Amino acid sequence: MSEERKVQEVLARYVRATDRRDGKAQGALFTDDAVVRIHIKTGPDRYEPFGEPLIGGAGVEFAVTNFMSPHPEGGSSHHTTSDHIIEIDGDLAHLNAQFVVFAVQASARPADGWPAGVSGAQGTVRSIESGYYDTELRRIDGEWKIVKHRVLMDMPIAVPGA
Amino acid sequence: MSEERKVQEVLARYVRATDRRDGKAQGALFTDDAVVRIHIKTGPDRYEPFGEPLIGGAGVEFAVTNFMSPHPEGGSSHHTTSDHIIEIDGDLAHLNAQFVVFAVQASARPADGWPAGVSGAQGTVRSIESGYYDTELRRIDGEWKIVKHRVLMDMPIAVPGA
Amino acid sequence: MSEERKVQEVLARYVRATDRRDGKAQGALFTDDAVVRIHIKTGPDRYEPFGEPLIGGAGVEFAVTNFMSPHPEGGSSHHTTSDHIIEIDGDLAHLNAQFVVFAVQASARPADGWPAGVSGAQGTVRSIESGYYDTELRRIDGEWKIVKHRVLMDMPIAVPGA
């Protein structure tokens, strides 16, 4: 497998861990000294940092496990990434990807079955977030780990009262 | 072309065949003994099978040709896949990908032209389904064919009265 | 990096340039004699050309710089591509990809802060366009450049009064 694909699959595992709220799997993708930070777009090509950075795989694991809202009953999400640009220089890699997040809410089957005239998948799939992941990785013992991860959000994040 | 890319392109051809309702092209991607089955998510990491499995390329072709609703006038769809994880072991491959389906409905141009003040693409693009494809392939005479295909749907499928 | 990935990254740079309305970066991806044309879907597998073709990198740069609407305050877009099929024959390449365009509109933070009960990303992410990119590239001095680019739109484009 090419090194570029290996790098891309780190991100593929990252989004699955996020969507499953699996802090342990998520944390395992980062080095101990990794720095993860959300940035919010404030204008064309302008971003400002949001909140405090997370440090290391342990910090990521703690945040995913404790601070990400669990999916409601019937809920799922898909953090999808596309149009990756990957540059590899020896044991260092830089990855830039677009992301779009979908929130899924399944409808519950009525107790007396689906009504007449209804067909196909029942529920909603809504695009709710977007931006870019800008990520640096280091190859350690043949495995690519994230050392720096910037989540560049297109939209602001509400902090009530702030 | 790398084997991983070849495997990924099988899925790229699969979604095109689905979106074109091209049963023949779809069926050609599967072995004669392939097993295709839809599963519905019932909880975190839990799925249950839905309906009967399709067997082989002939079964897939028959189902696409006879049971998939044609697009309405002005209608299109896009089954998009992302964040592929591909493992190859000799002549066997395992592929896992996210999918999001978009239903497109073009607006018809009014007989007297588009009204003033309207611009851009006219119609709607709606995300309507999502989940994961979990797929096993076998390399036969140098070509990757699907032997097992699980469509893991996030949302239930309505069967009227059931 | 594989030639297929190089080709795919040309498209990744194309969508970034489009989303940033960066005519210069966009134009640099095309040869001087490139032909770019929008087509509109008129039926199953049927398209008809829309408007005049753009010619060459200079034509593309001019069009992006002068005719693409700037994003409104708080606005962004993501032209996302997926399910690439890439064929390379010596110094020629053919790329086919699905695209879905998202329009993003960030909400402005209220002067007295976000209200209680509001959380998460604030704004809207809407899928507004879709279709296929069908693209031919030529390798010149080791670099892939677009020589022909067809934007196959699923929906008609309104031209007021036309």
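Residues numbered from 1 in each chain as written. Chains lettered and ligands numbered in written order. Predicted model: local features only at pLDDT ≥ 70, side-chain atom pairs only at ≥ 80, totals over all residues. Heavy atoms only, no water.

A. Spotlight on the relation of the copies chain A and chain B. Turning chain A through 120° and shifting it by 0.0 Å along the axis lays it on chain B, with an RMSD of 0.0 Å. The superposition of one copy onto the other is thereby described by a three-fold rotation axis. Nearest to the rotation axis, the C-alpha of Ser82 of chain A is located 4.0 Å from it, this being the minimum over chain A. A low fraction, 8%, of the interface residues of chain A reappear at the interface in chain B, so the copies pair through non-equivalent surfaces. (Least-squares fit on C-alpha atoms with pLDDT ≥ 70 in both. Contact = heavy atoms within 4.5 Å.)

B. Structural view of the interface of chain A and chain C. Tallying the contact residues gives 32 residues for chain A and 36 residues for chain C. Between chain A and chain C lies a buried interface of about 2600 Å² when both sides are counted; carbon and sulfur atoms form 51% of it. Connecting chain A to chain C are 1 salt bridge. A salt bridge links Arg20 of chain C to Asp45 of chain A; the shortest N-O distance between them is 2.8 Å. Linking chain A with chain C are 13 residue pairs in polar contact (both at pLDDT 80 or more). Counting residues per element, the ones that place at least two in the side of chain A that touches chain C are helix H1 (3-20), strand S3 (75-89), strand S4 (92-106), strand S6 (123-140) and strand S8 (157-158) of chain A. Inspection of the sheet shows S8 of chain A paired to strand S5 (residues 120-121) of chain C by 2 bridges, in the antiparallel sense. Bridge pairing in S5 of chain C links Ile157 of chain A to Ala121 of chain C. (Buried area = accessible area lost by both parts, 1.4 Å probe. Salt bridge = Lys/Arg side-chain N within 4 Å of Asp/Glu carboxyl O. Polar contact = N/O pair within 3.5 Å; in protein donor to acceptor, adjacent residues only side chain to side chain. Helix = DSSP H or I, 4+ residues; strand = E, 2+ residues; numbered from the N terminus. Pairing = 2+ DSSP bridges.)

C. Examining the sheet that holds strand S2 (residues 46-55) of chain C more closely. Residues and elements named next belong to chain C. Reading across from one edge, S2-S1-S7-S6-S4-S3 is the order of the 6 strands in this open sheet, with mixed pairing throughout. Two strands bound the open sheet, and with one partner strand each, they are S2 and strand S3 (75-89). Neighbour to neighbour, the strand axes of the sheet diverge by 25° on average, direction disregarded. The pairing of strand S4 (residues 92-106) with strand S6 (residues 123-140) spans 15 bridges and is antiparallel. Each residue of the ladder has a partner; that of Phe102, found in S6, is Ser127. On top of the sheet, helix H1 (residues 3-20) reaches strand S1 (30-43), S3, S4, S6 and strand S7 (143-153); it is set at about 160° to S3, its chief contact. On top of the sheet, helix H3 (residues 56-67) reaches S1 and S2; it is set at about 60° to S1, its chief contact. (Axes fitted to C-alpha atoms, helices over the stretch in contact; angles between N-to-C directions.)

D. Up close: the side chain of Thr80 of chain C. Along the chain, Thr80 of chain C turns up in strand S3. The contacts of Thr80 of chain C, once residues within four sequence positions are left out, are Ser82, Asp83, Gln98 and Val100 of chain A together with Gln98, Phe99, Val100 and Phe102 of chain C.

E. Molecular detail of the pairing of S6 of chain A. Residue and element names in this part refer to chain A. Sheet topology places S6 next to strand S7 (residues 143-153); 10 bridges connect them, and they run antiparallel. Along S7, the bridge assignment pairs Gly131 with Met153. What sits between S6 and S7 in their antiparallel hairpin is a turn of 2 residues, with Asp141 showing a positive phi close to 50°.

F. Broad picture of the packing of aromatic side chains. All names here are of chain C. In the structure shown here, the tally under the stated rule is 15 aromatic pairs over all chains. Aromatic side chains Tyr14 and Tyr133 sit 5.4 Å apart centroid to centroid with 75° between the ring planes, which places their arrangement in the edge-to-face category. With a gap of 119 residues between them, Tyr14 in helix H1 and Tyr133 in strand S6 connect regions that are remote in the sequence. Neither Tyr14 nor Tyr133 differs from the other in exposure class; each is buried. (Phe/Tyr/Trp six-rings, centres within 6.5 Å; stacked < 30°, edge-to-face > 60°. Buried < 20%, exposed > 50% of the residue type's maximum accessible area, 1.4 Å probe, protein only.)

G. Looking closely at H3 of chain C. Residue and element names in this part refer to chain C. In a regular helix each residue adds 1.5 Å, so 12 residues correspond to 16 Å; H3 covers 16 Å between its end C-alpha atoms and thus fits that length. By the burial criterion, the buried members of H3 are Gly56, Gly57, Gly59, Val60, Ala63 and Val64. The buried side chains of H3 occupy one side of the element, clustering within an arc of 160° when seen end-on. Exposed and oriented more than 90 degrees from the buried face of H3 are Ala58 and Thr65. Tucked inside the fold, the buried residues of H3 contact helix H2 (23-27), S1 and S2. (Expected span 1.5 Å × (residues − 1). Arc of directions from axis to C-beta.)

H. Broad picture of the interface of chain A and chain B. Across the contact, 37 residues belong to chain A and 32 residues belong to chain B. Both faces combined, the contact of chain A with chain B buries some 2600 Å², and carbon together with sulfur accounts for 51% of it. Summed over the shared surface of chain A and chain B, the number is 1 salt bridge. Elements that contribute at least two residues to the side of chain A that touches chain B include exactly H1, S3, S4, strand S5 (120-121) and S6 of chain A. The greatest single-element share of the side of chain A that touches chain B, amounting to 8 residues, is contributed by H1 of chain A.

I. Spatial organisation of the relation of the copies chain A and chain C. Under the fitted operation, chain A is carried onto chain C by 0.0 Å of movement along the axis and a turn of 120°, and the coordinates agree to an RMSD of 0.0 Å. Looking at the interface residues of chain A, only 6% of them are also at the interface in chain C, so each copy uses its own face.

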